[in-house]
Structure formats: C-alpha cells, structure tokens
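What the coordinates show
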Amino acid sequence: MSQLSLEIYLPNTTSYESRIDHIWSVDAALPPACFVLPQSSKETSLIIQTIGQYQCPFGIVSGGHSDFPGSNSIKAGVTIDFGRISAECLDLGWAFNTD
C-alpha cells in the first residue's frame, strides 16, 4: 500500500493560520475545525469517506473566488483545500462519452 501524504492543519498552528490568510475574502472566511489538503485522488476519496461516515459538515477550497460566508470554508467543520493537488492526478476520462 502506498503511503499517504495527507496534510491536516489544526487551529492555533502556523499552517492553519497561513491557510486562513490565503482565503480570498476576509468577509467570507469562516474558521473550520481543520483544513485537510489531499495530494491525490486516493486521499480525496479517503477524506470524503471519513466525512460521510461521521457526517461532518465540510467545505471546499479549490481556487475559485466568492465573497459570501460559507463559500470557501465552513465554521467548525472540515475544509478540504485542494491547494496541494496536481492536475496530473485527475482522470476525467469517465466524464466523456467515447462511443
């Protein structure tokens, strides 16, 4: 089994504060319980399975911009931050009909 490189940032740490500072709109930023930064589709799948199992509220940061609360983070939930994921690990072949 390959080793996971999943990063988890908790409040009151430099990494967590850095991610908060990178949220585009200060007005929209809500403090999550943690940030998780997957680096692969396998890690993303693990995060989604875990969130579903424990019914955790979650938000997603993926590079888009919006300026209303809840659009780029979630208060007291899990924010999945795709800032570390590479386009090279995406396989969009399933989205296209090749018939």
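Please refer to the structure higher up on the page.
Read on for an overview of the structure. (Residues numbered from 1 in each chain as written. Predicted model: local features only at pLDDT ≥ 70, side-chain atom pairs only at ≥ 80, totals over all residues. Heavy atoms only, no water.)

Residues C34, V36, I47, I51, V78 and I80 constitute the largest nonpolar core, which totals 6 residues. Of all the elements in the fold, those that place two or more residues in this core are β2 (34-37), α2 (41-54) and β4 (78-81). Beyond its immediate stretch of four places on either side in the chain, V78 contacts C34, V36, I51, C56, P57, F58 and G59. With 5 residues, the next largest nonpolar core counts Y9, Y16, I23 and L37 among its residues. (Core = buried A, V, L, I, M, F, W, Y, C linked by side-chain atoms within 4.5 Å. Buried < 20%, exposed > 50% of the residue type's maximum accessible area, 1.4 Å probe, protein only. Helix = DSSP H or I, 4+ residues; strand = E, 2+ residues; numbered from the N terminus. Contact = heavy atoms within 4.5 Å.)

For the coordinates displayed, the defined rule picks out 2 salt bridges. For the salt bridge of E7 with R84, the shortest nitrogen-to-oxygen distance reads 3.1 Å. Taken together, the positions of E7 in strand β1 (residues 7-9) and R84 in the segment after β4 put the pair 77 residues apart, joining distant regions of the chain. We classify E7 as partly exposed; its relative accessible area is 21%. Between R19 and D81 there is a salt bridge, with the nearest N and O atoms lying 2.8 Å from each other. Of this pair, R19 sits in helix α1 (residues 14-21) while D81 sits in strand β4, placing them 62 residues apart in sequence. For R19, a relative accessible area of 14% puts it in the buried group. (Salt bridge = Lys/Arg side-chain N within 4 Å of Asp/Glu carboxyl O.)

The computed volume of the second largest pocket comes to approximately 160 Å³. In terms of lining, the second largest pocket is formed by L6, I8, C34, V36, L46, I47, T50, I51, C56 and V78. Among the elements of the structure, β2 and α2 are those that each provide at least two residues to the lining of the second largest pocket. If one sorts the elements of the lining of the second largest pocket by residue count, α2 sits on top with 4 residues. Residues belonging to the lining of the second largest pocket are distributed by class as follows: 9 nonpolar, 1 polar and no charged. (1 Å grid on protein atoms, 1.4 Å probe; cavity = no way out; pocket = protein on both sides within 12 Å on 5 of 7 lines; lining within 4 Å. Points joined across faces, edges and corners; volume = space filled by probe spheres on them. Nonpolar A, V, L, I, M, F, W, Y, C, P; charged D, E, K, R; others polar.)

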